[in-house]
Amino acid sequence: SFAGFRVVNQLSVMFMNPLQGFGSHSVEAQHCVWYGECGESVKVPGKKYNCKYTGSPIPLQSEGYDLLTELCPGYDYGNRSLCCNVDQLRTLKGSLQLPLQFLSRCPACFFNLMNLFCELTCSPHQSQFMNATKVDNINVLEVQYYIGQTFSNAMYNACRDVQAPSSNVKALSLLCGKDAKDCNATNWIQYMFNIENGQTPFPIIPIFSDVPVSGYTPMNNKTYACTEGLEDGSGPCSCQDCTKACGPKPVPPPLPPPWTILGIDAMTVIMWISYIAFLLIFIGAVLGAWCYRKRTIMSEYGPILDSNNPLSLNSDNPDQVNASCCETLGERFENVLRLIFSSWGSFCVRHPSVVLLGSLILVVASSGGLVYMRITTDPVDLWSAPTSQARQEKDYFDSHFGPFFRTVQLIITSPLQINFTYSPYFGGSDVPFGAVLDKDILHQVLDLQLDIEGLVATYEGQNVTLKDLCLAPLAPYNNNCTILSVLNYFQNSHAVLDHSIGDDFFVYADFHSHFLYCVSAPASLNDTTLLHDPCLGTFGGPVFPWLALGGYDETNYNNATALVITFPLNNYLNDTVKLGKALAWEKEFISFMKNYKNPNLTVAFSAERSIEDELDRESNSDIRTIVISYAIMFIYISLALGHIHSFNRVDSKISLGIAGILIVLSSVASSLGIFSYFGIPLTLIVIEVIPFLVLAVGVDNIFIIVQTYQRDERMPQEELHQQIGRILGDVAPSMFLSSFSETVAFFLGALSNMPAVRTFSLFAGLAVFIDFLLQISCFVSLLGLDAKRQEGNRLDIICCVKLPEGQEAKTESFLFRFFKKVYAPFILKEWVRPIIVMFVGMLSFSIAVVNKVEIGLDQKLSMPDDSYVLDYFKNLTEYLHTGAPVYFVVEDGLNYSSPEGQNVVCGGVGCNNNSLVQQVYAASLISNYTTIAFTPSSWLDDYFDWVKPQSTCCRYYNNTGTFCNASVVNSSCVHCRPMTPSGKQRPEGDDFMRFLPMFLSDNPNVKCGKGGHAAYATAVDLHPNNTGVGATYFMTYHTILKESPDYIDALKMARILAENISQGCSLIYIFLLCSVFYVFYEQYLTIAYDTALNLSVSLASIFVVTTVLLGFELWSAVIVSLTIAMILVNMFGVMWLWNISLNAVSLVNLVMCCGISVEFCSHIVRAFSISVKKNRVERAEEALEVNTFFGITLTKFGGILILALSKSQIFQVFYFRMYLAIVLLGATHGLIFLPVLLSYIGPTVNKAKVFAANQRYAGTERERLLNY
């Protein structure tokens, strides 16, 4: 989604097909074929023919000596007798300006090219290799130029790799009339000499041969290879401009082979072996135990006489128990908790008004912070920590170069099947064209583009148009907006699109030929067809075909099946008014596009604000789904708490259920309010997930309290407040265990660097703990009031209505009786308990696939099902051929005025082989591995070419010292640097800073294509008063990135490259890397580690808290932690099966799963640990009576199913699927696996706790039941 504004730094590449050629007719050897300039060219106005002259060479006038030395130093000897005069030398210099600017990076290349033209223009031996085939009275109208094939090939080979830094392409793409890969020695020279290029005043026909032809000896002068230095001291070309100077092409390291055993995935094999080993051991242990029991004959008095039985009547001293130190400590700790909670429960029932009023005041005070609540919707703040590397790099980039541009983009396809073939008139193979390049379709697309340009939005009463916002790189000289569209090849004009040359019978040139030329030379000011229309965009920059077309193969742009139109808009960091205007215009654009209809066009579109808008709309549309989900859970809770047999019963608990729900919501509101006081912003994840979590935990505790009360018998002489206090003393330690474990786990989860996880953990930890506090205070008081209502025989809700007195026997609910009488005995039968092997099998499978869970977040999932952005994402993946831009940033501190500082960065002659530009260039050679697609644009290399004294680019007024543009004709304009050996060197010291601001303010034009204003105005951050260079960037592109793994890999490879550059360039002060998507995908580089750390810390905290709160029963804590760990690992198995990727959203759910799993496990383990039954099976059976099926399982199940109806795909995947998995895995482990595991290897009974229980219940009905 980043392809739109990726070219803003390439806008300066302007090309005027260079070279004015010159010609002659053949005469005898050692004579000229022309001399001087005569009449004006008929075909190319403004250009002149050379004068016919067949005499001997003439000595050059003295005013031409400097020019000759500059252009053709090989002729600067003797009396300088030549076949050209000063006017011809001046014309030659002017014609060579653009080749000079683009090819002089490689001295050998430019020397050979100058040789070609010096021989043509001035050679005293012209008649040996030139034949004037057409002349008139005074003018030479056409010549043949015999050129050695060896010379041609050598010249081409020296120039073929030279780069054009500002455009990320090879220079020959701009100088050959076609893409560099299609250019060769022959067609390059033919193009330069072709009158159709609009620059050559008359035809020059090159004839290539290494042997004499028709009496002519081809020009075959000495050439230099790009690896050779010149006699004037110029060094060999750089690796970037000369592949042969690079040595062998870098080879990417081989991909690590997959970890296999016997050709099968190693983890799968290991887990199969482990599982089979477990099965064998388990079966052996079960059979061994069975055989042992069969051989043991037990006395019928064994249970009575067995002094090891904690309930044995035969113990030595009934007043003491042989308990270990840990058991005693655990019992005392348990007793302290029981006494505290019992006293507190009794107080709450006796003083409900004090408790309720105090709780209400605290809740209101805490919730008051909601007035300061801020919701974060900015994706950068949601997914990237302020301290993360990518975020710091982005902030640095924004503060020095301005924020990334805003993008408005259309991807246009056509449902029409009208493929057609174009047959060039002047020969050549037929060219197939796709439907989107049909002229009628292009006219309709142009209408759409012009309509968008004309959109007017309103912001605070002011009209806002595209021109107010768009990127105009050449402003104020050219205020046209940058529009990256294939229609810019036709100047965004219907008339130019319809322009054709032909007669009544044939079309010689039309939009087909112009299109084919422009995709080869997008920066051309004049195509070589008969149209002579410019390709350069109206905004002054090229539109590269790989940005404006999609769905083509390789570089066959004519096969494109999609048109891409991109409007880059300026972005604003701290200007809310300008940002508001941009948002208003984008809103108008989106509204226009939603209503746009054209049967011939299918348009997918997106604006910078689209994703955030759709996220907001999604949140609002899902409110209904969430409300229904919670309503179902609320209704179930309200009805399930009571035993409703008829509507006139008083034992319903609807009002109590509603109160419990209000307590849950109050705890959530309090948590949000408290953190809002501290200025911590909320996220949508917090709002959507935390009520679900707290409801899960809170409902479970409510059910435990109420159902324990409903099943309890009041003791003799025991008052209501004492009974509820006693019940709270029994159950509150278990509630405290689960809630405190979850709170600690969540708060430790807040140590995460991921903002979404950290925020969720903070809010969740506090909400869970507040919920617990309200439940043991508010809810207990309300339970006491409800019990008094029930004892007073008053109706629920309408408590003022009192029914006639009647004896109501306590009854147990159907589900409770089912679990107690049927389910628990069944699941713990001898032949059923081996079901545990299924859970181990699930665990083994999950471990085997845990490393196969995909990392990332498919951006399509974040959008609603009916979002227009989904079509855009789909087309983006299907059609686009370029990736996001990447900026290599050198922080302030490098001295660019020194050769050492220049050499560690630049990519031209004399630069270090491991310089920044060279290393990025080398990486682009293996783009399939590095994901770096092109050579970087380098302001420094272009500046060196711009400032050369041979170039007309760098000039200033000698009377004022101000910059003089190359297009200005004024005698007071002088070259910046002298034509001396030192002047030809790179600028250093004061010279470097003197001319750099001029370069950065110079707009490219027909005489100087290297002006840096468009391409580099934002790339160089100058110090105040232009005293030095601060931070700078060098931009290139990633290869096409389609899925999350592609983006993650691109970031990873770019970081490796950046690290290599930093190590290789010791002078670079600080090296940064920046791309628009890095802040979103950086989290995935470490998410596996973050997940493991978060869940491990949470598990460790649960283990510690459980150990302490279970009375230092280490083995019980191990079993709780083991079960929770199994649930978490199984969650990864479900994620792999259900295609749920690992990202911040799923990590939040896993952290929540860790917390909810405590609810499924801790209550049962605690009930088992305090049970005084005689063996593990019976203790497990009793522990199952305190199960979570009533509370968390049934409550959540109904609510989760509704989430499947959500329009939001992220809800369906990350909430419905994961929540369902959490509840099902938690329930099965808590209700099946855990009781069975406890029946096998549960902790032994705590003798101190049993003794204390016997003492506590001595003389009561409970004692009779215990001893029964």
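Summarised in this report is the structure supplied together with it. Quick caveat: nothing in here was measured; it's all calculated off a predicted structure. (Residues numbered from 1 in each chain as written. Predicted model: local features only at pLDDT ≥ 70, side-chain atom pairs only at ≥ 80, totals over all residues. Heavy atoms only, no water.)

Across its full length, the chain holds 43 helices and 29 strands. Across the 1268 residues of the chain, 57% fall into the buried class. At a minimum sequence separation of 6, the contacts of the chain that also span at least 24 residues come to 75%. With an accessible surface of roughly 50,800 Å², the chain has 59% of that area assigned to carbon and sulfur atoms. (Helix = DSSP H or I, 4+ residues; strand = E, 2+ residues; numbered from the N terminus. Buried < 20%, exposed > 50% of the residue type's maximum accessible area, 1.4 Å probe, protein only. Contact = heavy atoms within 4.5 Å. Areas by Shrake-Rupley, 256 points an atom, 1.4 Å probe, with all protein chains shown as cover.)

Moving on: the side chain of T759. The topology assignment puts T759 in helix α24 (residues 755-791). When residues no more than four places from it in sequence are discounted, the contact partners of T759 are P681, T683 and V686.

Take helix α31 (residues 939-946) next. α31 sits mainly inside the fold: eight of its eight residues count as buried. For α31, the set of buried residues is W939, L940, D941, D942, Y943, F944, D945 and W946.

Moving on: the sheet that holds strand β22 (residues 602-606). Taken together, four strands build an open sheet; the order of strands is β20-β21-β13-β22 and the sheet is antiparallel. Edge positions in the sheet fall to β20 (549-550) and β22, since each has one partner strand and no second. Relative to β22, strand β13 (residues 406-413) is paired through five bridges, and the arrangement is antiparallel. Looking at the pairing, L410 lines up with F605 of β22. Most of the contacts of helix α19 (residues 576-595) go to β13, to which it runs at about 15°, and overall it touches β13, β21 (562-569) and β22. (Pairing = 2+ DSSP bridges. Axes fitted to C-alpha atoms, helices over the stretch in contact; angles between N-to-C directions.)

Moving on, we get to the nonpolar core. W188, W585 and F589 are the most contacted members of the largest nonpolar core, which totals 362 residues. Those residues within four positions of W188 in sequence are excluded, and the remaining contacts are L103, L113, M155, Y156, C159, L172, L175, C176 and C183. (Core = buried A, V, L, I, M, F, W, Y, C linked by side-chain atoms within 4.5 Å.)

Together, R711, K820, K821 and K1173 give the surface a local cluster of positive charge. Residue placement: R711 occurs in helix α22 (residues 684-711). (Patch = residues over 30% accessible without salt bridge, like charges linked within 9 Å, V, L, I, M, F, W, Y side chains within 5 Å. Salt bridge = Lys/Arg side-chain N within 4 Å of Asp/Glu carboxyl O. Lys, Arg positive; Asp, Glu negative; His and termini not counted. Charge placed at Lys NZ, Arg CZ, Asp CG, Glu CD.)

Another point: the environment of G368. For G368, the position within the fold is in the loop between α12 (352-367) and β12 (375-376). It is 8.1 Å that separates the C-alpha atoms of G368 and I674, two residues lying 306 residues apart in sequence.

All right, on to the pattern of salt bridges then. Throughout the structure, instances matching the rule amount to 24 salt bridges. In this structure, D87 and R90 form a salt bridge, with 3.4 Å as the shortest nitrogen-oxygen distance. Of this pair, D87 and R90 are both found in helix α2 (residues 86-95), three residues apart, which corresponds to roughly one turn of the helix. The salt bridge partner of D945 is K948, with a shortest N-O separation of 3.4 Å. A single salt-bridge network, built from bridges that share partners, covers D942, D945, K948 and K1010.

Looking now at the packing of α12 against α24. Contact geometry for α12 and α24: axes closest at 9 Å, N-to-C directions at 140°. When the interaxial angle is binned, α12 and α24 end up oblique. The two elements α12 and α24 meet at a crossing, and its hand is left-handed. Contacts between α12 and α24 involve P352, V355, L356, S359 and V363 from the former and L774, S777, C778, S781, L782 and L785 from the latter. Residue classes in the contact of α12 with α24 are distributed as eight nonpolar, three polar and no charged. (Parallel < 35°, antiparallel > 145°, perpendicular 65-115°, else oblique. Left-handed = near helix turned anticlockwise from the far one by under 90°. Nonpolar A, V, L, I, M, F, W, Y, C, P; charged D, E, K, R; others polar.)

Turning next to the environment of P545. On the secondary structure map, P545 appears in helix α18 (residues 545-548). On a C-alpha basis, the gap between P545 and Y489 in space is 9.9 Å, while along the polypeptide they are 56 residues apart. Setting aside its immediate chain neighbours within four residues, P545 contacts Y489, V519, P522, Y552 and Y557.

Overall, mixed pairing links the three strands, which are arranged β5-β6-β9 in an open sheet. Each edge of the sheet is formed by a strand with only one pairing partner; in this case those strands are β5 (130-135) and β9 (204-208). Across the sheet, the mean angle from the axis of one strand to that of its neighbour is 20°, orientation sign disregarded. Helix α8 (residues 185-192) rests against β6 (140-147) and β9 of the sheet, and its axis sits at about 160° to β9.

What follows deals with the state of the cysteines. As enumerated under the stated definition, the model contains 15 disulfides in all. Bridging C84 to C122, the disulfide has an S-S length of 2.0 Å. Since a negative S-S torsion denotes a left-handed disulfide, the C84-C122 link at about 100° is right-handed. Of this pair, C84 sits in the loop between β4 (81-82) and α2 while C122 sits in helix α4 (residues 107-122), and the two are 38 residues apart along the sequence. When its relative accessible area of 0% is taken as the criterion, C84 is described as buried. Free of any disulfide, C1153 has its nearest cysteine sulfur in C1154, 7.1 Å distant. With no disulfide of its own, C1161 has C1153 as its nearest cysteine by sulfur position, at a separation of 9.6 Å. Judged by relative accessible area, which is 0%, C1161 ranks as buried. (Disulfide = S-S within 2.5 Å.)

Turning our eyes to something else, we now look at the packing of aromatic side chains. Enumeration according to the criterion identifies 59 aromatic pairs in this entry. Here the basic side chain of R833 rests over the ring of Y1240, its NZ or CZ set 4.5 Å away from the ring centre. (Phe/Tyr/Trp six-rings, centres within 6.5 Å; stacked < 30°, edge-to-face > 60°. Lys NZ or Arg CZ within 6 Å of the ring centre and 35° of its normal.)

A cluster of nonpolar residues, W259, I261, L262 and I270, forms a patch on the protein surface that exposes about 440 Å² of accessible area. Mapped onto the secondary structure, W259 falls in the loop between β9 and β10 (260-261). A relative accessible area of 53% means that W259 is categorised as exposed.

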